[in-house]
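# Working through the structure, step by step
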Amino acid sequence: GGILVEASEFLDGIVNTATGDILGGKGTALRIAGDIFDGGVANAGRIEGKRGIEFETAQVAGGLVNEAGGAIKGDDGPAVWVKGTVMAFGDGITNRGAIEGTYNGVLIESGTFAGGLFNAAGASILAHDGDAVFAGAAWSGDFENRGIVQGAQHGFAYDGPSFDGAFKNSGHIDGDATGVSLIAGQVGGGFTNSGSINGETGRGVSIDVGSWGTSEAHADIVSTPGGVITGGETGFFLHALSVFGDF
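Residues numbered from 1 in each chain as written. Predicted model: local features only at pLDDT ≥ 70, side-chain atom pairs only at ≥ 80, totals over all residues. Heavy atoms only, no water.

### Examining the side chain of N169
- Within the secondary structure, N169 sits in strand β24 (residues 167-169).
- A polar atom in the side chain of N169 sits 2.8 Å from the side chain of N145.
- Other than its neighbours up to four places away in sequence, N169 contacts N145, T192, N193, S194, G195, S196 and I197. (Helix = DSSP H or I, 4+ residues; strand = E, 2+ residues; numbered from the N terminus. Polar contact = N/O pair within 3.5 Å; in protein donor to acceptor, adjacent residues only side chain to side chain. Contact = heavy atoms within 4.5 Å.)

Right, dumping it as structure tokens:
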């Protein structure tokens, strides 16, 4: 079942309207392969299968937008999977609806991931097993959550070479183990929390990096008076060889 898009160049994008259903059954609902996919995916309806959307094409431009009322669901895998065959993913992911995976909500394994990830107020990214959001790509662009990000392991987890963008949370991020985990050689852009971040059994926030910020561009760590960070083990953990910024 589902839809397979495979072309050397696909330039017009894919739109699933509010009344549209793309169903994969025991397979992937929407699988995008080939060399170049430009124009992005816009969903306002339902995309559901064993895995929701798989990006496999070498170059992706236009990103993914899941509109309010839109649902992307992986019944036995990730809801959104940017696979390791993707060398470059551009224009990020915007979610205003519901993204829900059985194992990982959003899984990003591409070489580079540009444009960041935005989860709007009223939107949700959920994982019944694994992480709500996991990325291992060289990341550029902000991660901003105003809604709900909830995972069975981590809420948001990054384990890759570099995270070049700001981390902003004014919503709710929850992990059964750790709320937010950042492991990287270099992180820039700072960290701001005005919402809630919770790690049920582990750490609320765990940061383990080579360098945080640079001497030219400081990256501050800020939790506003209304922000709450809690962990079953530790609220906020930071290990860095160098830190340029205020805490």
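### Quick word on the packing of aromatic side chains
- Taken as a whole and judged by the stated rule, the model has 13 aromatic pairs.
- Ring geometry for F143 against F156: centres 4.2 Å apart, planes inclined by 40 degrees, an arrangement best described as tilted. Of the two residues, F143 is situated in strand β21 (residues 143-145) and F156 in strand β23 (residues 154-164); the sequence distance between them amounts to 13 residues.
- Their ring planes at 0 degrees and their centres at 4.8 Å tell us that F167 and F191 sit as a pair that is stacked. Placement of the pair is F167 in strand β24 and F191 in strand β27 (residues 191-193), with a sequence separation of 24 residues. For the pair formed by F167 and F191, the shared burial category is buried. (Phe/Tyr/Trp six-rings, centres within 6.5 Å; stacked < 30°, edge-to-face > 60°. Buried < 20%, exposed > 50% of the residue type's maximum accessible area, 1.4 Å probe, protein only.)

### Examining the sheet that holds strand β3 (residues 21-23)
- Read across the open sheet, the nine strands follow the order β3-β6-β10-β14-β18-β22-β25-β28-β31; overall the sheet is parallel. The open sheet has two edge strands with one neighbour each: β3 and β31 (228-231). The sheet shows a mean angle of 5 degrees between the axes of neighbouring strands, taken without regard to direction.
- Relative to strand β22 (residues 148-151), strand β18 (residues 124-129) runs parallel, the two being bridged by three bridges. Opposite L126, over in β22, you have Q150 as the bridge partner. (Pairing = 2+ DSSP bridges. Axes fitted to C-alpha atoms, helices over the stretch in contact; angles between N-to-C directions.)

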